[in-house]
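Remarks on the overall topology
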Amino acid sequence: MTTSSPTPPSPPSRGRRRAPSRIERAAGRAAALQRPRVLLALLLLLALTCVMLLDGYLRAEVGGDQRVRTGASASDVPDEVLDGGPILTFRGGQATTVSVPDKTIALTFDDGPNPTWTPQVLDILEKYDVPGTFFLVGSMVSRYPDIVEDLVEQGNEVGIHTFTHVDLSYQSDARVTREIEQTQLALAGAAGITTTLFRAPYSSETDAIDNYSWPVYEELGEDGYTSVFVDTDSDDWRRPGVSDIVKSATPEDDEGASVLFHDAGGERSQTIEALPKYIEKMKAKGYTFTTISGVMAEQQPQQQTQQQSGQQPSDGPAAGASGADGGRSDLQAAHHQATGATLYEGKALIAAVAVAEWTVPALSIGLVIVGVAVMGRFGMMLILARRHYRRRNRRRFSWGPPVTGPVSVIVPAYNEKECIANTLQSLARSTHPIEIVVVDDGSTDGTAEIAESLGLPNLRVVRQANAGKPAALNNGVRHARYDIVVMMDGDTVFEPDTVRHLVQPFADPGVGAVAGNAKVGNRRTLIGAWQHIEYVMGFNLDRRMYDLLRCMPTIPGAIGAFRRRAVLEAGGMSDDTLAEDTDITIALHRAGWRVVYQEHARAWTEAPGSLKQLWSQRYRWSYGTMQALWKHRRSLTDKGPSGRFGRVGMPLVVLFQVVTPVFAPLIDVFTVYSMVFVDFRAALLAWLAVLGVQLVCAAYAFRLDRERYRYLLMMPLQQLAYRQMMYLVLIHSCVTALTGGRLRWQKLKRTGEVGTPTGTAGTG
């Protein structure tokens, strides 16, 4: 017999404007704050991406910088340059070379600064009162600005060695300009200077200039740069031994030389050992040491005087720098004081790099922790899910005497006209005696009328003004006639044996609630298939694990059963959180009730059919779970059953459902980072290995649930697209929680396409 409660009160007259309800006021506040929180979440993601990109760029690991051109023609290069000295200038537009005077050494060091080797080189130079010219890589300057500052203050000279140590003969004009300007900014931020000296990576003597590299030197010369080559290479980069390094660095016949050493770019212990011996040897032979600017001051006093007076092209390297060098000696005449925008942009670059240098290692540590947690979770799920399956499917397993008494099935419904008929008709086929209580939560689409028109026996329709799902469930519990109540969603379809399986655990008097096996009914679409994988692998495999650990965090809203007394003693379904199912489940744990999982009780639910609806649903779930965990935080210090859940269940739920998912994107972020900046093949293999582990877990979950394996073919794509969206949803929820927001209920659009699958009746 179908009955209904009295009709709700008539609405207020049109002459008076109804005051907004509490739910409507909360909805208005949530809507006003929703967009800023989305933007904040996206900004956080963008900031992380920028930091990772900056760190990868600084480490100069993009592309292969080993490509150095050999055997090219030098027909465009003037002979006087090819046969000239190691210092190339273009003053007055004319290429001119300068040689190092006899008995003079210009010590030059490439590829620094390096935190291990450069300070040792500086100590040696200071000990012997010898200046050096350091050609610095901009990315290294930005990472170790303090070393550069010490280097300049000690009286040494610096030059540009590009920002990423790239062969400029392969690069576009824009890339060449960017390499130089970024290095100048790094120098400005680190030491407050810019420089007019340049040495190209992989360069050697002037006779190695070819038709590809010559235009680069010409362009830089027009901008006021002096390009520096070498006459004598110590070959320390080969690590031939200390004596060979000293021998290779020694000029013949008392000639002067621009001598090349390295203070970075590899293991330089031989360089550190050879340098003092070399200095002592050359001083004993009567040599003096100077910088590149010192050489030019001695060989070209007039041009050096012009350089000191600041006569540089307006668009050259001295732009943004003071003309006077602040009293700097001739040994540092190439330096110019950075001012204005150049100085402030340089400081900003150094600050950004400092953030990246701190963030990436911290994220790396987080990656290790998350990786261990993820793999540990997979291991726990596999081991405990297998134990759960074997225990519950033994022939002699029993919850106790069969539960055969009637139960109440509560169906909260709000504008479910597309689904309510399928839902109620599936309940009418139940093999277990039930009463059906439909609580119409102020529907405006005729849901209650459709339910009543079905003429089903033992069906009652209870109408109430719209107050939300928790209120509807509480109303249903109050109207329930039996001690066991089954709660389901208005879009869910039960199999005939679902209720019978679901209530059997109540034969154990310690069981207060039972979670059923929710299945995705609309799995034919791509989004539906992805959610199907998630339900089988994530939710149901998790529930098996939590069941054995006796800390089940959630009874799914689609299918769950409760002792009516337990629900009432816990205060009913609370509207304090958006996850009333998680809230009541934790409350039952704390009250000492057992909450178990019944895998054979299956319910088919309609999952969100669009990305927008999916985002809304998961956003509410994630945020509601956080609210429930925070609400029950005192269980951490309680005694008895409440304390057990607080110290066992709560940490597991926080770790596996909040912390790990929030930081799990680190796996994907570092995978992309490694593919772009480190080793594509190794990163891809690592990602495939993790995917393989997930596939094993998913395949086992599908086996336990007797699902078809064909859906696993969509899992790689799920990892690339669907999982990233779930990450963003969870991050969005965390931002909302941290900013103190409160969400409203979101009604998902239903199609009513989910019905009881054929061939499912009579299982078990």
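Since we're looking at a predicted model, the values are computed, not measured.

**Let's talk about the overall build of the protein**
The helix and strand tally for the protein stands at 24 helices and 21 strands. Here the protein, with 764 residues, has 54% of them falling under the buried criterion. Split by element, the accessible area of the protein, about 33400 Å² in all, is 55% carbon and sulfur.

**Observations regarding the pattern of salt bridges**
Counted by the stated rule, this structure contains 28 salt bridges. Of the charged contacts in the structure, one is a salt bridge between E599 and R544, with a shortest N-O distance of 2.9 Å. Of this pair, E599 sits in strand β21 (residues 594-605) while R544 is found in helix α17 (residues 526-549), placing the two residues 55 residues apart along the sequence. Per residue, the accessibility class of E599 equals that of R544, and both read buried. What emerges from the salt-bridge pattern is a single network uniting K519, R523, R544, E599, D705 and E707.

**As for the packing of helix α12 (residues 340-392) against α17**
Here α12 crosses α17 at 70°, and the two axes come no closer than 8 Å. The orientation of α12 relative to α17 falls into the category roughly perpendicular. Seen from α12, the contacting residues are R377, F378, M380, M381, L384, A385, R387, H388, Y389, R391 and R392; seen from α17, they are M537, G538, L541, D542, R544, M545, D547, L548 and L549. Grouping the amino acids of the contact of α12 with α17 by side-chain chemistry returns 11 nonpolar, two polar and seven charged.

**Quick word on the packing of aromatic side chains**
All chains considered together, the criterion is met by seven aromatic pairs. Considering the side-chain rings of F397 and W399, the 5.1 Å spacing of their centres and the 80° angle between planes classify their relative orientation as edge-to-face. Following the ring pairs from residue to residue traces out a cluster consisting of F109, F134, F261 and Y278. Above the face of the Y711 ring, R523 is positioned so that its terminal group lies 5.7 Å from the ring centre. Above the ring of W630, the side-chain terminus of R633 is found at 4.1 Å from the ring centroid.

**Some remarks on the environment of K469**
By the element assignment, K469 lies in helix α15 (residues 469-479). Residues K469 and D489, spaced 20 residues apart in sequence, show a C-alpha to C-alpha distance of 9.6 Å. A distance of 2.7 Å separates the side chain of K469 from the side chain of D489, its partner in a polar contact.

**Let's talk about the pairing of strand β4 (residues 104-112)**
Within β4, nine of the nine residues are buried, which leaves it mostly tucked inside the rest of the structure. Taken together, the three bridges between β4 and strand β12 (residues 288-290) define a ladder with parallel strand orientation. From the neighbouring strand, I105 faces β12, where its bridge partner is F289. Sheet analysis places β4 next to strand β11 (residues 257-262), joined by six bridges and oriented parallel. From the neighbouring strand, I105 faces β11, where its bridge partner is A257. As defined by bridge partners, β4 adjoins strand β5 (residues 133-136) across four bridges and the pair is classed as parallel. Pairing of D110 across the sheet is with F135, part of β5. As for the winding sense of the linkage, the β-α-β connection from β4 through helix α3 (residues 118-127) to β5 is right-handed.

**With respect to the pairing of strand β6 (residues 157-160)**
The side-chain alternation of β6 yields two buried faces, one formed by E157 and G159 and the other by V158 and I160. The pairing of β5 with β6 spans four bridges and is parallel. Paired with F134 across the bridge in β6 is V158.

**Re unusual backbone geometry**
In the segment running from G112 into P113, the intervening peptide bond is cis, with an omega of 0°. Relative to the elements of secondary structure, P113 occurs in the loop between β4 and α3. Here the phi dihedral of H165 falls at roughly 55°; this positive angle occurs in a residue that is not glycine. Mapping H165 onto the fold places it in the loop between β6 and α6 (173-191). Classification of H165 as buried rests on a relative accessible area of 17%.

**Structural notes on helix α20 (residues 611-631)**
Relative to the 30 Å expected for 21 residues at 1.5 Å per residue, α20 spans 30 Å between its end C-alpha atoms, a close match to the ideal helical length. Taken across its 21 residues, α20 has 15 buried, putting it largely inside the fold.

**Things to note about the confidence of the model for the protein**
The predicted structure's coordinates, where accompanied by low pLDDT, should not be read in detail. Summarising the model, the protein shows a mean pLDDT of 84, and 85% of its residues fall at 70 or more. Predicted confidence is poor over residues 61-67, with pLDDT under 50, and the contacts of this stretch with residues over four places away or in other chains come to 15 contacts. Of the regions scoring below 50 in pLDDT, residues 321-328 engages in 20 contacts with residues more than four places distant in sequence or in other chains.

**Notes on a negative patch on the surface**
Together, D79, E80, D83, E205 and D207 make up a negatively charged patch on the protein surface. Looking at the secondary structure, you find D79 in helix α2 (residues 79-82). Taking relative accessible area as the criterion, D79 reaches 55% and is therefore assigned exposed.

**So, a nonpolar patch on the surface**
On the surface, V654, L655, V659 and F663 cluster together to form a nonpolar patch covering roughly 270 Å² of accessible area. Looking at where V654 falls in the secondary structure, it is placed in helix α21 (residues 640-663). Judged by relative accessible area, V654 falls into the partly exposed class, the value being 30%.

**Topic: the environment of V511**
By the secondary structure assignment, V511 is in strand β19 (residues 511-520). Along the backbone, V511 and G592 are 81 residues apart, and their C-alpha atoms lie at a distance of 9.3 Å. Contacts of V511, omitting those with residues within four sequence positions, involve P505, F506, R563, W593, R594 and V596.

**Looking at the packing of α3 against helix α9 (residues 269-284)**
In a packed pair of helices, the relevant descriptors are the angle between the two axes and the axis-to-axis distance. Taken N-terminus to C-terminus, the directions of α3 and α9 make an angle of 15°; their axes are 10 Å apart at the nearest point. By the angle between their directions, the pair α3 and α9 is classed as roughly parallel. Read as a crossing pair, α3 and α9 show a hand that is right-handed. Residues Q120, V121, I124 and L125 of α3 form the contact with α9, whose own contacting residues are I272, L275, P276 and I279. Residue composition of the contact of α3 with α9, grouped by class: seven nonpolar, one polar and no charged.

**Some points on the environment of A338**
Structurally, A338 can be placed in the loop between β13 (335-337) and α12. For A338, a relative accessible area of 3% translates into the label buried. A sequence separation of 146 residues divides A338 from G192, and the C-alpha atoms of the two residues are 5.2 Å apart.

**Remarks on the side chain of N415**
As for its placement among the helices and strands, N415 is situated in the loop between β14 (407-413) and α13 (420-428). Exposure remark for N415: the relative accessible area of 16% places this residue in the buried category.

Calculation criteria
- Residues numbered from 1 in each chain as written.
- Predicted model: local features only at pLDDT ≥ 70, side-chain atom pairs only at ≥ 80, totals over all residues.
- Heavy atoms only, no water.
- Helix = DSSP H or I, 4+ residues; strand = E, 2+ residues; numbered from the N terminus.
- Buried < 20%, exposed > 50% of the residue type's maximum accessible area, 1.4 Å probe, protein only.
- Areas by Shrake-Rupley, 256 points an atom, 1.4 Å probe, with all protein chains shown as cover.
- Salt bridge = Lys/Arg side-chain N within 4 Å of Asp/Glu carboxyl O.
- Axes fitted to C-alpha atoms, helices over the stretch in contact; angles between N-to-C directions.
- Parallel < 35°, antiparallel > 145°, perpendicular 65-115°, else oblique.
- Contact = heavy atoms within 4.5 Å.
- Nonpolar A, V, L, I, M, F, W, Y, C, P; charged D, E, K, R; others polar.
- Phe/Tyr/Trp six-rings, centres within 6.5 Å; stacked < 30°, edge-to-face > 60°.
- Lys NZ or Arg CZ within 6 Å of the ring centre and 35° of its normal.
- Polar contact = N/O pair within 3.5 Å; in protein donor to acceptor, adjacent residues only side chain to side chain.
- Pairing = 2+ DSSP bridges.
- Right-handed = clockwise from strand over helix to strand, strands pointing away.
- Expected span 1.5 Å × (residues − 1).
- pLDDT = per-residue confidence, 0-100.
- Patch = residues over 30% accessible without salt bridge, like charges linked within 9 Å, V, L, I, M, F, W, Y side chains within 5 Å.
- Lys, Arg positive; Asp, Glu negative; His and termini not counted.
- Charge placed at Lys NZ, Arg CZ, Asp CG, Glu CD.
- Left-handed = near helix turned anticlockwise from the far one by under 90°.

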